[in-house]
Amino acid sequence: DSGVTQTPKHLITATGQRVTLRCSPRSGDLSVYWYQQSLDQGLQFLIQYYNGEERAKGNILERFSAQQFPDLHSELNLSSLELGDSALYFCASSLTSTKQETQYFGPGTRLLVL
Amino acid sequence: GENVEQHPSTLSVQEGDSAVIKCTYSDSASNYFPWYKQELGKGPQLIIDIRSNVGEKKDQRIAVTLNKTAKHFSLHITETQPEDSAVYFCAATGAGSYQLTFGKGTKLSVIP
C-alpha cells in the first residue's frame, strides 16, 4: 500500500458526460501527479500540482482539468467524455517537487465510457 | 521531449532463472530512472531507482544498471519467483521536467 488513495475505483458513464476523480496524496506529500494509462498509449503524464499550484502540464486535453485543494487532495475533472477516454487514471504523489523525487502511485480509477 | 523505448514487450522465464529488461532514452540530460512493477488491478509500485551519478544499484534479487554514454539502463531480476510475474515499466525524467516518461512495459511471466 503506497498511502495514496483514489476514489472511485470504477466508474461507468456515457459519452458526453462529466466525471470527477479524487486523489488523496500520502501524508506529508505536497505534489500530486495525474497519469492516464491506456492500452495503446501506455502510461502518460497529464498534469502536476504542487502545494495547490499547477506545476507542469503534459498531454492533457482541454476537456480535462484538475485542481489541488488546501488540504492537498486533488481532483481530476473529465468533461464531454468520449469513448477514447476509457482508461485507467492514476494519481501519484511525492514529497516536494524536485526532479529526482520518487513518485508513489495510487490504485487507480478505471473509467469506462459507453 | 523525452522518449523511452523498452524491450522486450513480453518475457517468459523458468522459475529460478534471471530476467533482463532493457530501456533506452533520448534526452542525454535525463538524470533519474525508476522502475515500477504493476500487478493486475493495481497501481505501479516502485521497485528500484537509479540516479545519474551511479552506474549500478542492487536491492536483494533486483539490480539496475545505467550507461549514460549509451543512454540505456536495464533491470536485472535474479532467481525469479512466480510472484515476480507482472508488468514492469521503466521511466525517465527529462531535462527541465518533473514528470516521468514511461516505456511501454514488459509483461514478465515466471513459469513454475
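Anyway, here's the lowdown on the structure attached to this text. Just so it is clear, the model here is predicted, and its values are computed rather than measured. Counting restarts for each chain: residues are numbered from 1 in the order of the written sequence. To label them, take the chains in the order written and letter them from A, then take the ligands in the order written and number them from 1. With the structure being a predicted model, the display of local features is reserved for residues of pLDDT at least 70 and the display and counting of side-chain atom pairs for 80 or more, all residues being used for whole-chain, interface and lining totals. Calculation of side-chain values draws on the structure's entire complement of heavy atoms; hydrogens and water are dropped beforehand.

**Focus on the pattern of salt bridges**
Test applied: The working definition used for a salt bridge is a side-chain nitrogen of Lys or Arg within 4 Å of a carboxyl oxygen of Asp or Glu. Where helices and strands are cited, they refer to DSSP runs of H or I of at least four residues and of E of at least two residues respectively, numbered from the N terminus. Think of it in three bands: residues with accessible area under 20% of the maximum for their type are buried, residues over 50% are exposed, and the middle band is partly exposed, with areas taken using a 1.4 Å probe on protein chains only.
Under the counting rule described, the total for this entry stands at eight salt bridges over all chains. A salt bridge links Arg63(A) to Glu82(A), with the nearest nitrogen and oxygen atoms 3.7 Å apart. Of this pair, Arg63(A) sits in the loop between strand E6 (53–57) and strand E7 (64–68) while Glu82(A) sits in the loop between strand E8 (74–78) and strand E9 (87–94); the two residues are 19 residues apart in sequence, bridging distant segments of the chain. A salt bridge links Lys42(B) to Glu39(B); the nearest nitrogen and oxygen atoms lie 3.6 Å apart. With relative accessibility at 47%, the residue Lys42(B) sits in the partly exposed group. Several salt bridges share partner residues, and in doing so they unite Arg63(A), Glu82(A) and Asp85(A) into one network.

**Observations regarding the packing of aromatic side chains**
Inclusion rule: Here a pair means two rings of Phe, Tyr or Trp (six-membered ring of Trp) with centres within 6.5 Å. Their orientation is stacked below 30 degrees between planes, edge-to-face above 60, and tilted elsewhere. Note on geometry: a ring has a charge over it if NZ (lysine) or CZ (arginine) is within 6 Å of the ring centre and within 35 degrees of the ring normal.
Under the criterion given, the structure shown has 13 aromatic pairs over all chains. An angle of 50° between the planes, with centres 4.9 Å apart, marks the rings of Phe33(B) and Phe73(B) as tilted. Residue Phe33(B) is located in strand E4 (residues 32–38), and its partner Phe73(B) is located in strand E8 (residues 72–77); the two are separated by 40 residues in the primary sequence. Phe73(B) shares its class with Phe33(B); the two are buried. When the centroid spacing of 5.6 Å and the interplanar angle of 65° are considered together, the rings of Trp35(B) and Phe73(B) count as edge-to-face. Highlighted residues: Trp35(B) in strand E4 and Phe73(B) in strand E8, separated in sequence by 38 residues. Summarising the burial analysis for this pair, Trp35(B) and Phe73(B) share the class buried. The structure contains a cluster of three or more aromatic residues connected by ring pairs, namely Tyr35(A), Phe45(A), Phe90(A), Phe105(A), Tyr36(B), Phe89(B) and Phe102(B). Sitting over the ring of Tyr104(A), Arg26(A) keeps its end group 3.8 Å from the ring centre.

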